[in-house]
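Single-letter residue listing:
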Amino acid sequence: REQVMRVFRSLVFLLSFWLLHVAKGSTVWLNKNGYEDLVVAINPQVPEDANIILNVMNMIKNASNYLFEMTKHRFFFKSVKIIIPKTWKKNINYSRLKTESYDKADVIIADPYIKHGDDPYTLQYGGCKEKGRYIHFTPNFLLNDKLANVYGEKGRVFVHEWAHYRWGVFDEYSNDMPFYVSRNSKAASVEATSCPAGVAGIPVFQDCSGDKCEPRSCRYDGQLYEKGCMFIPDIRQNIPCSVMYLQYILSVVEFCDKNTHNSEAPNMQNKMCNHKSTWEVIMESDDFRNSAVVNASAPPSETTFRLLQTQDRAVALVLDVSGSMSMHDRIRHLRSAAEAFLLHIIEIGSWVAIVTFDSDASEKAPLQQITDDAARQKLVQCLPIIASGKTNICAGIRKGLKLIADKMNTTYGSEIVLLTDGEDSGIATCLDLVKQSGAKIHTIALGPSAAKELEEFSTLSGGLKLYAVDGAVHNKLTMTFSAITSGSGDISEQSIQLESKELLVQHSGWMNTTVPVDKTVGNDTFFSVAWSLSQPFFFLRDPKGKEHGSSDFTIDNSNPNTARLSISGTAEVGDWQFCIKNLHTATQAISVTATSRPAYSDVPPVSIAAHMNRANRAFNPIVVYAEVSQGFLPVLGATVIATIEKDGAAAVTLELLDNGAGADTMKNDGIYSRYFTSLHGTGRYSLKVNAHGRNTTTRLSLKQNRALSILGYRENGKIYMNAPRPKFADKEIEMKLGSFSRISTSSLVVNTGGDSAPIYPPCKVTDLHARIENKTIVLSWTAPGGDLDNGKADHYIIKSSENLLDLRNHFDHATSVNSSNLIPKEAGREESFKIKLENLIIKNDTVIYFAIRAVDDTNLISEVSNIVQTTWFVPPKASVPLEYDGNNEGADSTVIVAIVAVCGIFVCTIVSSTLCVLQKRKGRVDFETMQ
């Protein structure tokens, strides 16, 4: 009864749970059956070419027709906006942006960093049913018509990527495991990893010498084909699906559904979506529930396009100077943080105005352009130093919009940075004005008492929602300001936060901090030291050993608790070391901040983007994400630490992982994730994420969730092969980045529906594997926690079945494997469990599936894990595959397994770790287990 009540309380929490978060914020919406306001953005680094625009239009027009057919007359693309970069010539046909921006676009057109091909892909952070971040195409993909031979017609590719992006489905092929042993037929056979099963084609291996390649039949290695064996499909198929497998085959006009889905295939769709078909997932989406079939043979209307061009950035700082800002040193911290924003964060060429408000609003600086350091210093002199009076947020917004309109003749595409620490009952009076203005409102809530409605401005306008806790020094507020960079996609002038650290230092204590400057940054580098009580002794040593003492730093009379040092030219690559000693008689807070810009316009810097999000999975937990990348390539092997703070609560530190377990959807995709379970009631939470690598060779990896390229095809019995992909295209790329450090910030608002924290079960095990060692099955997985992926589970339940779907749907009734001696480890550690096979009666052609659930100390149970397959398979006789002469019309995708050996009673190991054994005793499978 107590457990039921606990679960009930958790469900009550979920029903009342809502959160606002800093996320990408797509503006696409479904108008009846048509998608409106799809945003395509061209990267500023892309050279001007009008054909890119024309080809985007043609691609999406064609995609609209394909989408309509492939979704059974349900969806199409109604209206699209294309963002033209500022670097392209002005044109009377280009309108001004409103709240649209490159960094919130649904589709990005940009060259890849390190030419690794033109694979279209969709960046997906979350799991099944969760929307993606963006779709990426290269300019060459759009301009080079020959690439239709590699990926298929562009409109078809677009529909494949749209399904990833909009509905959170996954690929039905597998580069890692293109073949598997199937028991769909009477005898075990090797099948291509596909959806549906039984796609016609032939396995082929490319023997390459230099640039010349000759196809041959694949040889066997154990029960599967040798590494490098490819499945070459027939160009003409008798089946109409599936879009998420062979989007380029002309006969493919459907998604796999419940009837055609291949639940055995070892692909990401089965792993991520619990062996559901893509069409079943789409049918469970809000889009499907909110639409009906259109009784027509074509979309009701053609896709319309609007061309928008990025303009100069125009920003009004709208700053609260009411009486409450005099508390907790807020006005001083505001001045310091805004000063850092003006001097080191906002990009050169931007326009800035300054407004302050209490019960009314005052113009401190009209909109003016930042052309040099003198212009920056001029604006700094206008920052407020005194706080008094009441709070009138709308007065500040009106004044800020007026100053922008006075100079630009419009507020479209402009930004307001609105900071306040107080409540205001009149916020609703200017919401309509904000909505009509076409300006983005970035909100910064300072302290615990900022108006609860504040984030409505950001929600309406697509601005950032930020929050800073009160601190003894200003670095937390400065870090929050550093998140407000240009959304234009031009990273060459963008500010990059290298370090932001605050410590309480005792009398005569030292604070020693190393700030690595890597080779991708170094321009406009500045360091600062701040203190809460009195100036400490400090110096900064550069990588060559030169010391910069306190006399080399600048201390402004209006900001006497901060010392700054700007490095001329490009900062030396290597470790910069701060040595700081607290000379004050008492303990004081000391902070260090470092910021830089990219060293080269054509080499993207290592960057980090942090987010907090509510996951669309059981118990709707909060997930912390950090994407670490260089250009569009993921950076692997970084150490990523998240710190989450809330006023009145202790800071919580989490290490984010890219291990494909727990909250992390996909291993080695550069997205580091962790569940956040330590909620302290309703309120705002701030997030700081630090990513760093220390003197290691950092690995860059290609994106996953890519459209399948055409390796070749068979037509009338003859095989036609495309040129082999570059050797580095399908493996990780090593880059010697040296040591690097990056900081990113984000925020969220949570309403827990009360003061009680939610209760979570262990998270789902998503990386269960099986292999055979001698006469032992070895199961391995990453340990979940007692609360999702934190802590430790109490025990495991392991089950087996000869039927995959029975194990998924009726786990509790499946055959139990005795795991009573298995004691769970701490979350994130590797688990291993052995099942010993002795005195077994072997039945040939048997497949057994395993799955696992974790249970915590309150008997809350995780979801069923991913399901793994093991196979006991003794071929009837030894044989070899027929030699392939390039014109073999009799080949088929279902090839009876052949092993070059006299097997007898012999276990043949599957490369993919999918071996199984069976003993039948009175209708059930019995296992002997060992640790």
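Residues numbered from 1 in each chain as written. Predicted model: local features only at pLDDT ≥ 70, side-chain atom pairs only at ≥ 80, totals over all residues. Heavy atoms only, no water.

Colleague: Describe the overall build of the protein chain, with residues and values.
Modeller: Counting its regular elements, the protein chain contains 15 helices and 53 strands. Per-residue burial for the protein chain yields a buried fraction of 58% across its 931 residues. Sequence-distant contacts, at least 24 apart, represent 76% of the contacts inside the protein chain between residues at least 6 apart. (Helix = DSSP H or I, 4+ residues; strand = E, 2+ residues; numbered from the N terminus. Buried < 20%, exposed > 50% of the residue type's maximum accessible area, 1.4 Å probe, protein only. Contact = heavy atoms within 4.5 Å.)

Colleague: Describe the pattern of salt bridges, and please don't skip the residues or the numbers.
Modeller: Per the counting criterion, the structure on display carries 29 salt bridges. The salt bridge partner of glutamate 100 is lysine 81, with a shortest N-O separation of 2.8 Å. A residue pair is termed long-range when its members are at least 10 positions apart, and glutamate 100 in the loop between β7 (95–96) and β8 (107–109) and lysine 81 in strand β6 (residues 79–84) qualify at 19 residues. Through salt bridges with shared partners, a single network forms among Asp37, Lys81 and Glu100. (Salt bridge = Lys/Arg side-chain N within 4 Å of Asp/Glu carboxyl O.)

Colleague: Describe the sheet that holds strand β22 (residues 415–420), and please don't skip the residues or the numbers.
Modeller: Taken in spatial order, the six strands of this open sheet run β21-β20-β19-β22-β23-β24, and their pairing is mixed. Looking at the sheet topology across the chains shown, the edges are occupied by β21 (361–369) and β24 (465–468). Each strand of the sheet is rotated relative to its neighbour by a mean of 15°, with strand direction disregarded. Direction of pairing for strand β19 (residues 314–320) relative to strand β20 (residues 351–357): parallel, over a ladder of seven bridges. Looking at β20, one finds that alanine 316 is bridged to alanine 353. Along the sheet, helix α10 (residues 373–380) makes contact with β20 and β21, crossing β21 at roughly 180°. (Pairing = 2+ DSSP bridges. Axes fitted to C-alpha atoms, helices over the stretch in contact; angles between N-to-C directions.)

Colleague: Please set out the state of the cysteines residue by residue, giving values where relevant.
Modeller: According to the stated counting rule, one finds five disulfides in the structure shown. Covalent S-S linkage joins cysteine 128 and cysteine 273, the inter-sulfur distance amounting to 2.1 Å. Because the torsion about its S-S bond is 105°, the bridge between cysteine 128 and cysteine 273 counts as right-handed. With cysteine 128 in the loop between β9 (121–123) and β10 (134–137) and cysteine 273 in the loop between α6 (268–272) and α7 (278–283), this pair connects stretches of sequence that are 145 residues apart. One exposure class covers both cysteine 128 and cysteine 273, and it is buried. Across the protein chain, the disulfide pattern expressed with sequentially numbered bonded cysteines is 1-8, 2-7, 3-4, 5-6, 9-10. (Disulfide = S-S within 2.5 Å.)

Colleague: Outline the side chain of lysine 764, supporting the account with residue identities and numerical values.
Modeller: If you trace the backbone, lysine 764 turns up in the loop between β43 (733–751) and β44 (769–773). Although lysine 764 is buried, it makes no salt bridge; glutamate 863 carries the closest opposite charge, 5.2 Å away. Filtering out sequence-adjacent residues up to four positions away, lysine 764 remains in contact with Lys271, Asn274, Ser862, Glu863, Val864, Ser865 and Asn866. (Lys, Arg positive; Asp, Glu negative; His and termini not counted.)

Colleague: Give me the lowdown on the packing of aromatic side chains, citing residues and values where you can.
Modeller: Going through the model one piece at a time under the given rule, you end up with 31 aromatic pairs. Ring centres of phenylalanine 77 and tryptophan 162 lie 5.0 Å apart, and the angle between their planes is 90°; on these two criteria the pair is classed as edge-to-face. In this pair, phenylalanine 77 is assigned in strand β5 (residues 76–77) and tryptophan 162 in helix α5 (residues 154–167), connecting sequence segments 85 residues apart. Note on phenylalanine 341 and phenylalanine 481: the rings are 5.7 Å apart at their centroids and 50° apart in plane angle, and the pair reads as tilted. Of the two residues, phenylalanine 341 is situated in helix α9 (residues 330–345) and phenylalanine 481 in helix α14 (residues 475–481); the sequence distance between them amounts to 140 residues. In this pair, the class of phenylalanine 341 matches that of phenylalanine 481, namely buried. In this arrangement the basic side chain of arginine 74 is found over the ring face of phenylalanine 288, its NZ or CZ atom lying 3.7 Å from the centre. Note that arginine 156 overlies the ring of tyrosine 66, its terminal NZ or CZ placed 4.9 Å from the centroid. (Phe/Tyr/Trp six-rings, centres within 6.5 Å; stacked < 30°, edge-to-face > 60°. Lys NZ or Arg CZ within 6 Å of the ring centre and 35° of its normal.)

Colleague: Got a sec to walk through the nonpolar core? Specific residues and values, please.
Modeller: Ranked by internal contacts, the top residues of the largest apolar core, which has 77 residues, are Ile82, Phe158, Trp162, Trp167 and Phe255. The element best represented in this core is helix α2 (residues 50–70), accounting for nine residues. With residues near it in sequence (within four places) discarded, phenylalanine 158 still touches Leu38, Met59, Ile60, Ala63, Phe77, Val107 and Phe137. Judged by nonpolar contacts, the second largest core, of 52 residues, contains Ile608, Tyr685, Leu687 and Tyr760. (Core = buried A, V, L, I, M, F, W, Y, C linked by side-chain atoms within 4.5 Å.)

Colleague: Provide a residue-level description of helix α11 (residues 393–408), including the pertinent values.
Modeller: End to end, α11 covers 23 Å across 16 residues, agreeing with the expected 22 Å (1.5 Å per residue, within 8%). If you check which residues of α11 are buried, you get Ile393, Cys394, Ala395, Gly396, Ile397, Gly400, Leu401, Leu403, Ile404 and Met408. For α11, the elements touching its buried residues are β19, β20, β21, β22, α12 (431–437) and α13 (455–461). Positive backbone phi, at 65°, marks asparagine 409, one or two positions downstream of α11. (Expected span 1.5 Å × (residues − 1).)

Colleague: So what's going on with a nonpolar patch on the surface? Residues and values would help.
Modeller: Residues Trp510, Phe537 and Leu583 make up a contiguous nonpolar surface patch of roughly 320 Å² in combined accessible area. Mapped onto the fold, leucine 583 is located in the loop between β32 (574–581) and β33 (588–598). (Patch = residues over 30% accessible without salt bridge, like charges linked within 9 Å, V, L, I, M, F, W, Y side chains within 5 Å. Areas by Shrake-Rupley, 256 points an atom, 1.4 Å probe, with all protein chains shown as cover.)

Colleague: Give me the lowdown on the sheet that holds strand β18 (residues 304–309), citing residues and values where you can.
Modeller: With respect to topology, seven strands assemble into an open sheet ordered β7-β18-β6-β4-β8-β10-β9, the strand pairing being mixed. The open sheet has two free edges, formed respectively by β7 and β9, since each of these has just one partner strand. For β7 and β18, the ladder comprises two bridges, and the chain directions are parallel. Within the sheet, the bridge partner assigned to arginine 96 lies in β18 and is glutamine 309. On top of the sheet, α5 reaches β4 (38–42), β8, β9 and β10; it is set at about 150° to β10, its chief contact.

Colleague: Break down the packing of α2 against α5 for me, citing the residues and quoting the values.
Modeller: At a minimum axis separation of 8 Å, α2 and α5 run at an interaxial angle of 65°. What the angle tells us is that α2 and α5 run roughly perpendicular. Note on packing geometry: the crossing formed by α2 with α5 is right-handed. Contacts between α2 and α5 pair Met59, Ile60, Asn62, Ala63, Tyr66, Leu67 and Met70 from the former with Lys154, Gly155, Arg156, Phe158, Val159, Trp162 and Trp167 from the latter. Taken together, the residues that form the contact of α2 with α5 break down as 10 nonpolar, two polar and two charged. (Parallel < 35°, antiparallel > 145°, perpendicular 65-115°, else oblique. Left-handed = near helix turned anticlockwise from the far one by under 90°. Nonpolar A, V, L, I, M, F, W, Y, C, P; charged D, E, K, R; others polar.)

Colleague: I'd love a proper account of the environment of valine 321, names of residues and values included.
Modeller: With respect to the helices, strands and loops of the structure, valine 321 is situated in the loop between β19 and α9. The exposure class assigned to valine 321 is buried, which follows from its relative accessible area of 7%. In this structure, the C-alpha to C-alpha distance between valine 321 and serine 388, residues 67 residues apart in sequence, is 6.2 Å.

Colleague: Break down the environment of glutamine 577 for me, with residues and values.
Modeller: Along the polypeptide, glutamine 577 turns up in strand β32. Taking the C-alpha atoms as reference points, glutamine 577 and aspartate 542, 35 residues apart in sequence, are found 6.6 Å from one another.

Colleague: Residue-level account of the side chain of glutamine 368, with values.
Modeller: In this fold, glutamine 368 is placed in strand β21. In contact with glutamine 368, not counting residues within four places along its chain, are Ser350, Trp351, Val352, Lys378 and Leu379.

Colleague: Outline α2, supporting the account with residue identities and numerical values.
Modeller: Each turn of an α-helix holds 3.6 residues, which means side chains three or four residues apart point in the same direction. Taking 1.5 Å per residue as the helical rise, α2 with its 21 residues ought to reach 30 Å, and the 30 Å between its terminal C-alpha atoms agrees with that figure. Residues Ile52, Ile53, Asn55, Val56, Met57, Met59, Ile60, Ala63, Ser64, Leu67, Phe68 and Met70 constitute the buried set of α2. For α2, the side-chain oxygen to backbone nitrogen distance between the N-cap and asparagine 51 is 2.9 Å, and the N-cap itself is aspartate 49. Immediately beyond the C-terminal end of α2, within one or two residues, lies lysine 72, with a positive phi of roughly 60°. (Polar contact = N/O pair within 3.5 Å; in protein donor to acceptor, adjacent residues only side chain to side chain.)

Colleague: Account for the environment of glycine 683, naming residues and giving values.
Modeller: Within the secondary structure, glycine 683 is located in strand β40 (residues 683–700). Among the residues examined, glycine 683 registers a relative accessible area of 17% and is labelled buried. Along the chain, glycine 683 and lysine 452 lie 231 residues apart, while their C-alpha atoms are 8.9 Å from each other. Look past the residues within four positions of glycine 683 in its chain and what remains in contact with it is Lys646, Leu748, Val749 and Val750.

None of this, on its own, says anything about what the molecule does.
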